[in-house]
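Breakdown of the fold
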Amino acid sequence: MIIQEQLRLFIAALREGDRRRSFALVREWEQNGLPDDLLYNEILIPALVRFGDNWESNDQGVVEEHVASQIVRHILAYKAVTMESDVSPGKTAMVGCVPDEHHDLASLFMANALEDAGWRVVHYGSSAPVRDIVQAVGRYRPDLLCLTMKSLGCLDATLKLLEQLRATYPELKIMVGGISQPSMRAILAPHVDVFADSLTHGVAAAGELA
Amino acid sequence: MNHPGETLTFSAIAQADIETFEKQKEKIVTAVTDHLFRCTALSDALSDPEHARIARECVKIFTENFLTTVKYQLPEALLDYVAWLRGFLASRSFPPSFIPHLIAGMRNAVHAFLEEGRSDDICAALRTLRLGELQRISEVRA
């Protein structure tokens, strides 16, 4: 089955809010050998983008968008639980959202993808304040901190976080995903080692940083 | 006429004025919301509860994003956000004049809550932004 057809089937299942069908499709493709990176990059992420676009254009309501997000969230949890990758000692990534950012699905994708690539991952999700993230970096001592950011309103708190992290842990490698605006990147750039352009790019860049 | 993105700049706005804006943010949000709900051109649209809810949320987020982009000198990011907002509101049958009214409300509020003379540079940026939106509306109508 070609990937576009798989995407079409998955979107149709999401549109119906059909959890069992969505999960069954993923299980079926998994049994047929579909790699996780293709599942993430060619099916799950494009499907979520489609639902986000449909909400923006008012073709679907926010509940339909949340239903799709929740199904994908469960699939990512299933993938995380059943993953059989070898975790290399000494490569730890801490993954989560910047302060004030509530859209945490990108960080879930990154957590799974990094684990798939052999990283030990500490995933904290969203809604963590600056001080707590800084303290947690001291506790978990990651080699890499992967932050995801979507909303413009998070810039202030993100800059505060990055300044504190750089002052406290100058050796920490920091990656930020979710920002494409060049002028926003320019503001954060003095504190960031790499900006992830996509999930695939982020995983590759993490490997080069560590 | 230039596209507003070519002329919008925040470089004249003093740090002290941004700090005052931040301190007065809640009052500004309330004043802008009141302005929109008093505006006769929007009364039909905002009589719908869902439109009214979206309008209130728009004021809060626009104010936050305006403050952030002014603070960090990011006029392009504000224009990107306004472009997104334009599409979002159009797909929900908001009148095209909603964003110009929103900006006008913010100009009034900034003028009211910042000391005399301190609001001029912020108001000038908002005026440029509003003119750009009005220009877009007239281009679409033409």
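If you're wondering where the values come from, they're calculated on a predicted model, not measured in any experiment. (Residues numbered from 1 in each chain as written. Chains lettered and ligands numbered in written order. Predicted model: local features only at pLDDT ≥ 70, side-chain atom pairs only at ≥ 80, totals over all residues. Heavy atoms only, no water.)

1. Let's talk about the overall build of chain A
- Secondary structure assignment for chain A yields nine helices and five strands.
- Going from the N terminus to the C terminus, chain A shows its helices and strands as α-α-α-α-β-α-β-α-β-α-β-α-β-α.
- Projected onto the principal axes, the alpha-carbon positions of chain A cover approximately 50 × 40 × 25 Å.
- The burial tally for chain A puts 49% of its 210 residues in the buried class.
- Across chain A, every contact between residues at least 6 apart in sequence was considered, and the portion connecting residues at least 24 apart equals 72%.
- Total accessible area computed for chain A in this model is approximately 10100 Å², and 51% of it derives from carbon and sulfur atoms.
- Of the side chains in chain A, 19 bear a positive and 28 a negative charge, and the two mean positions are spaced by 4 Å. (Helix = DSSP H or I, 4+ residues; strand = E, 2+ residues; numbered from the N terminus. Buried < 20%, exposed > 50% of the residue type's maximum accessible area, 1.4 Å probe, protein only. Contact = heavy atoms within 4.5 Å. Areas by Shrake-Rupley, 256 points an atom, 1.4 Å probe, with all protein chains shown as cover. Lys, Arg positive; Asp, Glu negative; His and termini not counted. Charge placed at Lys NZ, Arg CZ, Asp CG, Glu CD.)

2. A closer look at the domain arrangement of chain A
Residues and elements named next belong to chain A.
- Partitioning chain A into domains gives domain 1 (3-82) and domain 2 (92-209).
- Computed from C-alpha atoms alone, the centre-to-centre distance between domain 1 and domain 2 is 24 Å.
- Domain 1 puts twelve residues into the contact, and the matching count from domain 2 is nine residues.
- Across the interface of domain 1 and domain 2, roughly 910 Å² is buried in total on both sides, 63% from carbon and sulfur atoms.
- For domain 1, the biggest contributors to the area lost against domain 2 are Y40, R73 and L76; these three give 53% of the whole.
- Summed over the shared surface of domain 1 and domain 2, the result is one salt bridge.
- Notably, a salt bridge pairs R73 with D104, separated by 2.9 Å at the nearest N-O pair.
- Linking domain 1 with domain 2 are four residue pairs in polar contact (both at pLDDT 80 or more), by the criterion used here.
- Among the secondary structure elements, those contributing two or more residues to the side of domain 1 that touches domain 2 are α3 (36-56) and α4 (62-82).
- Within the side of domain 1 that touches domain 2, the residues separate by chemical class into seven nonpolar, two polar and three charged. (Domains from an automatic or database assignment. Buried area = accessible area lost by both parts, 1.4 Å probe. Salt bridge = Lys/Arg side-chain N within 4 Å of Asp/Glu carboxyl O. Polar contact = N/O pair within 3.5 Å; in protein donor to acceptor, adjacent residues only side chain to side chain. Nonpolar A, V, L, I, M, F, W, Y, C, P; charged D, E, K, R; others polar.)

3. Observations regarding the sheet that holds strand β2 (residues 120-125) of chain A
Residue and element names in this part refer to chain A.
- Taken in spatial order, the five strands make up an open sheet running β2-β1-β3-β4-β5, and their pairing is parallel. In this open sheet, the two strands that pair with only one neighbour each are β2 and β5 (194-196). Averaged over all adjacent pairs, the angle separating strand axes in this sheet is 20 degrees, with direction ignored.
- Inspection of the sheet shows strand β3 (residues 144-148) paired to strand β4 (residues 173-177) by five bridges, in the parallel sense. What sits directly across from L147, in β4, is V176. (Pairing = 2+ DSSP bridges. Axes fitted to C-alpha atoms, helices over the stretch in contact; angles between N-to-C directions.)

4. Let's talk about unusual backbone geometry
All names here are of chain A.
- Look at D100: it is not a glycine, yet its phi comes out positive at around 75 degrees.
- Summarising the element assignment, D100 is placed in the loop between β1 (92-97) and α5 (105-116).
- A positive phi angle, close to 60 degrees, is found at S127, a residue other than glycine.
- Relative to the elements of secondary structure, S127 occurs in the loop between β2 and α6 (130-140).

5. Overview of the pairing of β4 of chain A
Residue and element names in this part refer to chain A.
- The buried fraction of β4 amounts to four of the five residues, a majority that puts the element mostly inside the structure.
- One crossover worth recording links β3 to the parallel β4 by way of helix α7 (residues 155-168), and it is right-handed.
- In this structure, β4 lies alongside β5, joined through three bridges in parallel fashion. If you follow M175 over to β5, its bridge partner there is V194.
- With helix α8 (residues 182-188) bridging β4 and the parallel β5, this β-α-β connection has right-handed handedness. (Right-handed = clockwise from strand over helix to strand, strands pointing away.)

6. Some words on a nonpolar patch on the surface
Residue and element names in this part refer to chain A.
- Together, V62, V63 and V67 give the surface a local cluster of nonpolar side chains, amounting to about 220 Å² of exposed area.
- Its place among the elements puts V63 in helix α4.
- Residue classification places V63 among the exposed residues on the basis of a relative accessible area of 55%. (Patch = residues over 30% accessible without salt bridge, like charges linked within 9 Å, V, L, I, M, F, W, Y side chains within 5 Å.)

7. Thoughts on the packing of helix α1 (residues 3-15) of chain A against α3 of chain A
Residues and elements named next belong to chain A.
- It is at 10 Å that the axes of α1 and α3 come closest, and there the two elements cross at 45 degrees. When the interaxial angle is binned, α1 and α3 end up oblique. Between α1 and α3 lies a crossing whose hand is right-handed. Side by side, α1 and α3 meet where I3, Q6, L7, F10, I11, L14 and R15 of the first sit next to L38, E42, I43, L44, P46, A47, R50, F51 and N54 of the second.
- Of the residues that constitute the contact of α1 with α3, the class distribution is eleven nonpolar, two polar and three charged. (Parallel < 35°, antiparallel > 145°, perpendicular 65-115°, else oblique. Left-handed = near helix turned anticlockwise from the far one by under 90°.)

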